[in-house]
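# Coordinate inspection notes
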Amino acid sequence: MRAIETKPIGDANFYKFSIDFIDDKFIIGGKTLPLGIITHDILNIPVDKQPAIGDVGNELITLYNRLNSENYSDELFISIRETIEKTIKIIKKIKPFSYFNIKGEYDYINYLFSDDKIKEWNRSFSSMPIPNINFVPEGTAMYDQTVILTEFLKSYMYLCTDTVNFYNIAKTYFVNLTENGFRDKVLLAGYTKEFFSHEGILEWLEEMNVTDFTHNFTLEPGVWMAPVILKNKDGMAMLGRRIHFDRMLNFYVTDMFEGLAVGHYSWQCGICNKFFFMETARKQLYCSTVNPEYGVPCAYVAKNKLNMPKQKKSDGRGYATWKHRKDSIRREKYLTTNNKPNAKYDVETCLKARELINRYFEQAQIDFDYAENGYELDMALEHIFAEAKRLLGKK
């Protein structure tokens, strides 16, 4: 018996997975992400993939019904294998599914449905009076394997149905949030209470529980939690919590509400209608990704192409850092221009440094990974001037 989790990283397979939570972030498969980003990723699943996920989910439900009602056949087990492989092919490169251990999913498929394993299943079921999965004797190795097989199939079935259902709920929630302009924690809390107390929303949730395969669509997910020792961004040990999930919906709901609790939310762009991720209450109106119709970011489209409200630069991600660096570079240019003895860089280098911080700031608006992991490093003053000198060919 362990009083505290000791494994360094939680499992990251769809069948059963564990997520480590610390401060306003979580860790999945060794990758640290901000709370609320899973909900954001669900909202931005490509439109051509959404029907495919729903359709393959229906195929999995049909196979699950057959597994419970029909006697064993190689054809049934091969169909289950091929449909799960089809599901992985659809989702493996899409966030949030790409955060998971996709290789591990194929390992499970091989363990349960390889050609040799299907031959073994055939022999085992052929020896039974009733070759049906529900009549496998308990307490046997075969019974334990059928439990894993059933839960593995259900994990994909739920993944598909939960994703479709959660997308619909989350989209309605965040579209209304955007229309009402709620951003700070107090407004988010009040709006959330009102939204999920609305009779129409409650009836909608109830309608999602009409079959065995979409039951328990709840905003009170059942999870198992254990304390775990983690390291923060400074490498210091901190006490976190590891939550074990056995269904994707529970993870989605946890991510959404944990994110809202720390002020993380998704906002619908007024130009392209996609959702962008917010970690502050700043009034960013448009996403910074390149709009395919115009070939420039939506914020630029609003400012220069369309007669729409303008977005302040101060509402952009990383603005405070950009402003500090701009002031430092301006001060250095002043020292140089006025021949001060403590000046370090010439005017040309200062101008190139200012060009660099503008470039880094713009990249942070369109690239989440860069904004999280590279922006602050690039914006270090020593790095900025060193890179400016390098580009100018100066030592």
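What counts and what doesn't
- Residues numbered from 1 in each chain as written.
- Predicted model: local features only at pLDDT ≥ 70, side-chain atom pairs only at ≥ 80, totals over all residues.
- Heavy atoms only, no water.
- Pairing = 2+ DSSP bridges.
- Helix = DSSP H or I, 4+ residues; strand = E, 2+ residues; numbered from the N terminus.
- Axes fitted to C-alpha atoms, helices over the stretch in contact; angles between N-to-C directions.
- Contact = heavy atoms within 4.5 Å.
- Expected span 1.5 Å × (residues − 1).
- Phe/Tyr/Trp six-rings, centres within 6.5 Å; stacked < 30°, edge-to-face > 60°.
- Buried < 20%, exposed > 50% of the residue type's maximum accessible area, 1.4 Å probe, protein only.
- Lys NZ or Arg CZ within 6 Å of the ring centre and 35° of its normal.
- Parallel < 35°, antiparallel > 145°, perpendicular 65-115°, else oblique.
- Left-handed = near helix turned anticlockwise from the far one by under 90°.
- Nonpolar A, V, L, I, M, F, W, Y, C, P; charged D, E, K, R; others polar.
- Salt bridge = Lys/Arg side-chain N within 4 Å of Asp/Glu carboxyl O.

### Examining the sheet that holds strand 1 (residues 17-22)
The strand order across the open sheet formed by 5 strands is 3-2-1-5-4, and the pairing between neighbours is antiparallel. Of all the strands in the sheet, just strand 3 (31-34) and strand 4 (224-231) have a single pairing partner and so form its edges. Strand-to-strand twist in this sheet, taken as the mean axis angle between neighbours without regard to direction, amounts to 30°. Direction of pairing for strand 1 relative to strand 5 (residues 237-245): antiparallel, over a ladder of 5 bridges.

### Comments concerning the side chain of Gln145
Take Gln145: it is sitting in helix 6 (residues 141-180). Aside from chain neighbours lying at most four places away, what touches Gln145 is Tyr111, Leu112, Lys117, Glu120 and Trp121.

### Here we look at the pairing of strand 5
Strand direction decides the pairing type here: strand 4 and strand 5, joined by 8 bridges, are antiparallel. Residue Ala226 lies in a different strand from strand 5, and its bridge partner there is Arg242.

### Considerations on helix 6
In an α-helix there are 3.6 residues to a turn, and that puts residues three or four apart on one side. Compared with an ideal rise of 1.5 Å per residue, which puts 40 residues at 58 Å, helix 6 spans 57 Å between its outermost C-alpha atoms and is within 8% of the ideal. Of the residues flanking the end of helix 6, it is Gly181, one or two places downstream, whose phi is positive at about 75°.

### Observations concerning the packing of aromatic side chains
What describes a pair of aromatic rings is the distance from one ring centre to the other and the angle between the planes of the rings. Summed over the entire model, instances satisfying the criterion amount to 30 aromatic pairs. When the centroid spacing of 5.8 Å and the interplanar angle of 45° are considered together, the rings of Tyr191 and Phe195 count as tilted. Within this pair, Tyr191 and its partner Phe195 are both found in helix 7 (residues 185-195), separated by 4 residues, close to a single helical turn. Residue classification places Tyr191 among the buried positions, given a relative accessible area of 6%. Note on Phe195: relative accessible area 7%, which makes it buried. Between the aromatic rings of Phe195 and Phe196, the centroid separation amounts to 4.8 Å while the plane-to-plane angle is 80°, which identifies the pairing as edge-to-face. Per residue, the accessibility class of Phe195 equals that of Phe196, and both read buried. Cluster of aromatic residues (ring-pair linked, three or more members): Phe14, Phe17, Phe21, Phe26, Phe100, Tyr108, Phe152, Tyr156, Phe245 and Phe251. Just above the ring of Tyr111 sits the side chain of Lys117; from NZ or CZ to the centre is 5.9 Å. Here Arg183 stacks its cationic end above the ring of Trp267, 3.7 Å away from the centre of that ring.

### A few points about the packing of helix 6 against helix 9 (residues 248-261)
Relative placement of two packed helices is described by the angle separating their axes and the distance separating the axes. Look at helix 6 against helix 9: their axes get within 9 Å of each other, and the N-to-C directions meet at 25°. One element, helix 6, and the other, helix 9, form an angle in the roughly parallel class. Considering only the axes of helix 6 and helix 9, their crossing is right-handed. Contacts between helix 6 and helix 9 involve Leu159, Asp162, Thr163, Phe166, Tyr173 and Phe174 on the former and, on the latter, Met248, Leu249, Tyr252, Val253, Met256 and Leu260. For the contact of helix 6 with helix 9, the class distribution of residues is 10 nonpolar, 1 polar and 1 charged.

### Focus: the packing of helix 3 (residues 74-91) against helix 4 (residues 102-113)
Packing of helix 3 against helix 4 brings their axes to within 11 Å, and their N-to-C directions diverge by 175°. The angle between helix 3 and helix 4 falls in the class roughly antiparallel. Here Phe77, Ile80, Arg81, Ile84, Glu85 and Ile88 of helix 3 come into contact with helix 4, specifically with Ile102, Glu105, Tyr106, Ile109 and Phe113. Looking at side-chain class alone, the contact of helix 3 with helix 4 contains 8 nonpolar, no polar and 3 charged residues.

### Quick look at the pattern of salt bridges
Applying the stated criterion across every chain yields a total of 18 salt bridges. Across the salt bridge formed by Lys323 and Asp327, the nearest N and O atoms sit 3.1 Å from each other. Taken together, the positions of Lys323 and Asp327, both in helix 11 (residues 319-337) and 4 residues apart, correspond to about one turn of that helix. Looking at Asp327, the relative accessible area reads 19%, which means it is buried. With its nearest N and O atoms 3.0 Å apart, the salt bridge here joins Asp327 to Arg330.

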